[in-house]
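# What the coordinates show
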Amino acid sequence: MLVLLPVFLLILTLIALLALIRFKQATGLVWLISVTAAILTWVVILVQQFIQPAPFSLTDWYLGEGATTSLIFRLDQNSWPYAFGLVSLILAVMMTDASRFEFQADLEGWVGSLVVTIGGLLAVLAETPLALILAWTIIDVFEMIIVLRTVERQEQKQQAVIAFSARLAGILMVVWAVLESRGRGQGLTLASFPPEVGIFLLIAAGLRLGVVPLHLPYTEEPRLRRGLGTAIRLVGPASSLVLLSRLPPTVAPPVLAPYFLIFTSLAAVYGSVRWLAEKDELVARPYWIIALAGLAIGSAVRGRPIAALAWGTALLFAGGAIFLFSARNRLLRVFFILCWIGLSGLPFTPAASGWQGLVVMPFNLLDIVNILAHSLLLLGFLRHVLSPGSASGEMEGWAKVVYGLGLGVFIVSYWLVGVFGWQGSVTPGNWWASTISVVLCLVGGIGVWLLNQRSRRTMETDEGWFAMFVRKVSAIIGQVLNLNWLYLLAVFFFRILQRLVNFVTLILEGEGGILWALVLLVLIISFLLSEGAP
């Protein structure tokens, strides 16, 4: 039961928050209680890494036809980095809201962030498919409700439905994997799935992350609040990426593995280029997720689940930090260098073990593509950190301190995961590959900056040629990858079926309806007799 203690603490926080809002208590009191509870949860899950609790299971869940399964939740080296990251994220969301506390108290945002975080914790702790499916369903349903309540345009609502459909397809792939595993007489835990079934779990993660096949459910990022938007955009990927660390080493058949690697490398390059080119880091959120998810899934395909874990935690921590970085000053930008170094994968940094899944001997073209994608990610991270934001001078003194502490604790938590997260996390990695990536980032950044300065003088625009060119080209690619064409195709076939049903209904309800019914009955009987004839 202790393994679920962080979940229970967040549920109690949610209940207390709803009660305080219901009785219209002072907003400051609501915020103080929420932050205190989040700090307590953060300490509890940090201690659990060193005193790991026993798994918690609910047995004898009936599946039909005499089959039963269990809901098992376990905290291990595969789940703890993500669980600690999710708790650190909700703590950072509430603490950094101090920068917006004077203008708008985001009480509904805190409730929504707590709900999706609770679902995310259940997902990363799940050891059985049923537990994972239930947790994914909680996350997906609440995320769709939040988005549909927030957006107003019909196109954005349509995109929310498409995103939900893609994730639902991922859940169905897990169900398929369960049926295949059960047919082979294997156990119903994620760790006991045979390698032949692991490919279904890989596709499930790829569908939910937008990598396999590469697609962009959101062509326009919904204008959610920074804290709530960051929570719901990162909890879902984290709950899907944890699946990669539980896959068998041989997750894809040798015949299909090269095609999966091409898909993941394409996703990483496309996402990293768009991440670099977008003016706003919030608009670029989907591309950050796709790029790092591509690196993580590619590592899993190459049989390096620990490398997938390293890139998954980088997605959660480095992404969460930059997305919450609204009020900016020089001191905080210097502090973000720590986060950039952790993302670089240089020796003995949190992402160092991730290079084992990006560069595998013998060296080939895909390895070069992965190094390039990572270098562009680093360059984009620097660009967004150095871009102007809202000034922190408008905040009160206590708000500045709390805001800085929120970001600082989150970045320090990333380094704690890099040191204590999993066995072999402190490693030199492929030092030469990480060095090449960092050098390319710095040299490329200087070169692009010089060219942009020249183009601004000649074109009389605030944007450089690189960003303008990339956005125009990638906008065309995005129209192909957003799956709107699939939605329109489904609507087309649905309308054809609807017209057919209406036509048959009109005929049967007309004056000759009884006669037509008899004709149809004779045709059905004739068909059945002809099928049964020798």
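This report concerns the structure included in the present document. (Residues numbered from 1 in each chain as written. Predicted model: local features only at pLDDT ≥ 70, side-chain atom pairs only at ≥ 80, totals over all residues. Heavy atoms only, no water.)

### Observations regarding unusual backbone geometry
With omega at 0°, the peptide bond leading from Met-361 into Pro-362 counts as cis. Mapped onto the secondary structure, Pro-362 falls in the loop between helix 13 (355–358) and helix 14 (365–386). In this model, Phe-348 sits at a positive phi of 65°, which is unusual for a non-glycine residue. (Helix = DSSP H or I, 4+ residues; strand = E, 2+ residues; numbered from the N terminus.)

### A look at the packing of aromatic side chains
The tally for this structure, following the rule as stated, stands at 14 aromatic pairs. Between Phe-317 and Phe-410, the ring centres sit 5.3 Å apart and the planes meet at 35°, which makes this aromatic pair tilted. Here Phe-410 lies in helix 15 (residues 397–420) and Phe-317 lies in helix 11 (residues 305–323), a separation of 93 residues in the sequence. Aromatic rings pair up to connect Trp-275, Trp-288, Phe-323, Phe-325, Phe-336 and Phe-381 into one cluster. Across from the ring centre of Trp-136, 4.2 Å away, lies the NZ or CZ of Arg-208, which sits over that ring. (Phe/Tyr/Trp six-rings, centres within 6.5 Å; stacked < 30°, edge-to-face > 60°. Lys NZ or Arg CZ within 6 Å of the ring centre and 35° of its normal.)

### Observations regarding the side chain of Ser-434
One can find Ser-434 in helix 16 (residues 431–459). Once residues lying within four places of it in the same chain are set aside, the contact partners of Ser-434 are Ser-344, Gly-345, Leu-346, Pro-347 and Trp-355. (Contact = heavy atoms within 4.5 Å.)

### Section: the nonpolar core
Judged by nonpolar contacts, the single largest core of 153 residues is most densely connected at Leu-244, Trp-288 and Phe-381. Tallying contributions element by element places helix 3 (residues 80–96) first for this core, with 13 residues. Setting aside its immediate chain neighbours within four residues, Phe-381 contacts Trp-275, Trp-288, Ala-318, Ile-322, Phe-336, Cys-339, Trp-340 and Leu-343. (Core = buried A, V, L, I, M, F, W, Y, C linked by side-chain atoms within 4.5 Å. Buried < 20%, exposed > 50% of the residue type's maximum accessible area, 1.4 Å probe, protein only.)

### Structural notes on the pattern of salt bridges
If you walk through the whole model with that rule in mind, you get seven salt bridges. A salt bridge links Arg-246 to Asp-76; the shortest N-O distance between them is 3.5 Å. With Arg-246 in the loop between helix 8 (226–241) and helix 9 (257–277) and Asp-76 in the loop between strand 2 (67–73) and helix 3, the pair connects residues that are 170 residues apart, well separated along the chain. Classification of Arg-246 as buried rests on a relative accessible area of 10%. The exposure class assigned to Asp-76 is buried, which follows from its relative accessible area of 15%. Two residues, Glu-143 and Arg-167, come together in a salt bridge whose shortest N-O distance is 2.8 Å. Of this pair, Glu-143 sits in helix 5 (residues 129–150) while Arg-167 sits in helix 6 (residues 154–183); the two residues are 24 residues apart in sequence, bridging distant segments of the chain. The buried category is assigned to Glu-143, whose relative accessible area is 2%. (Salt bridge = Lys/Arg side-chain N within 4 Å of Asp/Glu carboxyl O.)

### So, the environment of Ser-299
By secondary structure assignment, the location of Ser-299 is in helix 10 (residues 285–301). Under the relative-accessibility criterion, Ser-299 is labelled buried at 0%. Taking C-alpha positions, Ser-299 is 8.8 Å from Leu-261, a pair spaced 38 residues apart along the chain. When sequence neighbours within four positions are dropped, the list of residues in contact with Ser-299 reads Arg-304, Ala-307, Ala-308, Trp-311, Gly-354, Gly-357 and Leu-358.

### Side note on helix 1 (residues 5–22)
The end-to-end C-alpha distance of helix 1, which contains 18 residues, comes to 26 Å, matching closely the 26 Å that a straight helix rising 1.5 Å per residue would cover. On its buried side, helix 1 packs onto helix 2 (27–48) and helix 4 (107–125). Backbone geometry just after helix 1 places Lys-24 at a positive phi near 55°. (Expected span 1.5 Å × (residues − 1).)

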